[in-house]
Amino acid sequence: MTSFDAQTGAQPAQIMQKVREFSEIFAQLEREIGKAMVGLEEVIRLTLSAIFAGGHVLLEGVPGLGKTMLVRSIAETMGLSFRRIQFTSDLMPSDITGTQVLTEDEQGHRRFVFQKGPVWANIVLADEVNRAGPKTQSALLEAMEEKQVTVLGETRALPDPFFVMATQNPIELEGTYPLPEAQLDRFIFKLLVHPPSSAEMKEILTRTTGEQRTVLSPVLPPEKTARMIMHMRQLVRQVVVSPVVQDVLVGMVYALTPGSQNCTNLVSEYVRFGPGPRGAQAVLLCAKVMALLDNRMNLAYQDIKAVIVPALRHRMILNFQAEAEGITADQIIEEVRDAG
């Protein structure tokens, strides 16, 4: 693991050594998190991929499926600080970012001191994010995109690394404020958390209702965690993308855009707006992580195929006809993916 502390300018042999170490660290994280989580292997892999790609994740699923435990487990195994914010309709921006508080010292002098909010952590769980109003959602938007917060005209940088995992409940519509497209676009992935199978349910009960408690150990050295994550993110961006593979991705994005020359019949009939450049960037970065996990420094079509659905499903805006006929964004993206 020590080579991630080295400076840039490594030789090809050293780069391949880093690739192997990347996949080893990733596998160790998956195994350690798997001690606490049951049946969420794909969600765990994609969430870790988002972290190393430098993005945020939106989780959608009914309550009680372990979303909070997943985020807490990731923070523990990576040796990062963790905070949870329960979003409600009365939550204010200052409840997230923090605010200036008037304090008095021992000499009786009064001054304003900035009191940090719960967003000041490496990993932040925004629980039921769609329950907060638009003003509060916009405060989180700056933190996610700029990695900073502005309070009373003063801008402060957030901890690095900074990762937001937000959850929303698909069955609870009353008293919610659907996330605007601008904020949805800030999430690199939208992951669907499905209920466990009967076998997985039995394993969950065995692990959680007995006397023994699962204790997770940090995989990354705590004193080097932030620096190692930074170098691993740099390695992701060094993965080579050939013009042919890039053309394939661009063609798929345009095939999902209504009005384009090569859009499909499903897209023309059911899609109002397709994914933009940020969506293509999300696919490419996360596909690079998949290439590294296969011990490769070059991108392949299979890497794009593995991430394109969760990376674009929340960037597709469908029309009313699609909703009436039960057509989902996943179906439309899968059709384009499989045709490519």
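This one's a predicted model, so the numbers in the text were calculated from it and none came from an experiment.

J.: Help me out: how do you make sense of the overall build of the chain in this one?
T.: Secondary structure assignment for the chain yields 14 helices and 11 strands. For 340 residues, the compact-globule estimate of 2.2 N^0.38 gives 20 Å, and the C-alpha radius of gyration of the chain, at 21 Å, lies within 12% of that figure. With respect to the three principal axes, the spread of C-alpha positions in the chain is 75 × 55 × 50 Å. Within the chain, the proportion of its 340 residues that are buried is 49%. The contacts of the chain with a sequence gap of at least 6 include a subset with a gap of at least 24, amounting to 74%. Here the chain contributes 33 positive and 39 negative side-chain charges, whose respective centroids are spaced 5 Å apart.

J.: When you look at the packing of helix α1 (residues 12–34) against helix α11 (residues 277–293) in this model, what are you seeing that I'm missing?
T.: Helices that pack against each other are described as a pair by the angle of their axes relative to one another and the distance between those axes. With their axes 8 Å apart at the nearest point, α1 and α11 run at an angle of 100 degrees to one another. On the basis of the axis angle, α1 is roughly perpendicular to α11. Where α1 approaches α11, its residues Val19, Phe22, Ser23 and Phe26 are matched on the opposing element by Val289, Leu292 and Leu293.

J.: I keep staring at the packing of aromatic side chains and nothing clicks. Help me out?
T.: The geometry of an aromatic ring pair is captured by the separation of the ring centres together with the interplanar angle, meaning the angle of the planes. Considering all chains together, one arrives at three aromatic pairs under this definition. Both rings, one in Phe26 and one in Phe52, keep their centres 5.9 Å apart while their planes meet at 45 degrees; by these two values the pair is tilted. Here the residue Phe26 occupies a position in helix α1, and Phe52 occupies one in helix α2 (residues 41–53), the gap between them amounting to 26 residues. The pair formed by Phe26 and Phe52 is uniform in burial state, with each residue classed as buried. Among the aromatic residues, ring-to-ring pairing joins Phe22, Phe26 and Phe52 into one connected group.

J.: Explain the nonpolar core to me, please; I cannot follow it from the model alone.
T.: A general trend in soluble globular proteins is that nonpolar side chains are found buried together. Within the largest apolar cluster, 80 residues are counted, with the highest numbers of intra-cluster contacts made by Phe22, Leu48, Leu70, Met78, Phe189 and Ile304. Take this core: its biggest share by element is 12 residues, from α11. Residues within four places of Leu70 in sequence aside, it is in contact with Ile33, Met37, Val43, Ile44, Thr47, Leu59 and Met165. Judged by nonpolar contacts, the second largest core, of 25 residues, contains Ile85, Phe114, Val119 and Ala166.

J.: Honestly, helix α3 (residues 67–78) in this entry has me stumped. Any pointers?
T.: Owing to its 3.6 residues per turn, the α-helix aligns residues three or four sequence positions apart on the same side. With 12 residues, α3 extends 17 Å between its outermost C-alpha atoms, agreeing within 8% with the 16 Å of an ideal straight helix rising 1.5 Å per residue. Once α3 finishes, Gly79 follows within two positions and takes phi at roughly 65 degrees, a positive value.

J.: Looking at this structure, how should I read the sheet that holds strand β2 (residues 82–86)?
T.: Hydrogen bonds between backbone atoms are what pair the strands of a sheet, whose relative direction is either parallel or antiparallel. In space, the five strands of this open sheet follow the order β2-β5-β8-β1-β9, with parallel pairing throughout. Edge positions in the sheet fall to β2 and β9 (187–192), since each of these pairs with one other strand and no more. On average, adjacent strands in this sheet sit at an angle of 20 degrees to one another, irrespective of strand direction. Across four bridges, strand β5 (residues 123–127) lies against strand β8 (residues 163–168) in parallel orientation. Each bridged residue has a counterpart across the sheet, and for Val124 the counterpart in β8 is Val164.

J.: How should I be thinking about unusual backbone geometry in this particular structure?
T.: Outside of glycine, negative phi angles account for most residues, and trans bonds account for most peptide bonds. Of note, the amide linkage connecting Asp160 to Pro161 takes the cis form, showing an omega dihedral of 5 degrees. Within the secondary structure, Pro161 sits in the loop between β7 (154–157) and β8. Its identity as a non-glycine residue notwithstanding, Glu128 has a phi of 55 degrees, on the positive side. As for its position among the elements, Glu128 is in the loop between β5 and α5 (134–146). The phi dihedral of Asn295 falls on the positive side, at around 60 degrees, and the residue is not glycine. Within the fold, Asn295 resides in the loop between α11 and α12 (301–312).

Conventions used here
Residues numbered from 1 in each chain as written. Predicted model: local features only at pLDDT ≥ 70, side-chain atom pairs only at ≥ 80, totals over all residues. Heavy atoms only, no water. Helix = DSSP H or I, 4+ residues; strand = E, 2+ residues; numbered from the N terminus. Rg over C-alpha atoms; globule rule 2.2 N^0.38 Å. Buried < 20%, exposed > 50% of the residue type's maximum accessible area, 1.4 Å probe, protein only. Contact = heavy atoms within 4.5 Å. Lys, Arg positive; Asp, Glu negative; His and termini not counted. Charge placed at Lys NZ, Arg CZ, Asp CG, Glu CD. Axes fitted to C-alpha atoms, helices over the stretch in contact; angles between N-to-C directions. Parallel < 35°, antiparallel > 145°, perpendicular 65-115°, else oblique. Phe/Tyr/Trp six-rings, centres within 6.5 Å; stacked < 30°, edge-to-face > 60°. Core = buried A, V, L, I, M, F, W, Y, C linked by side-chain atoms within 4.5 Å. Expected span 1.5 Å × (residues − 1). Pairing = 2+ DSSP bridges.

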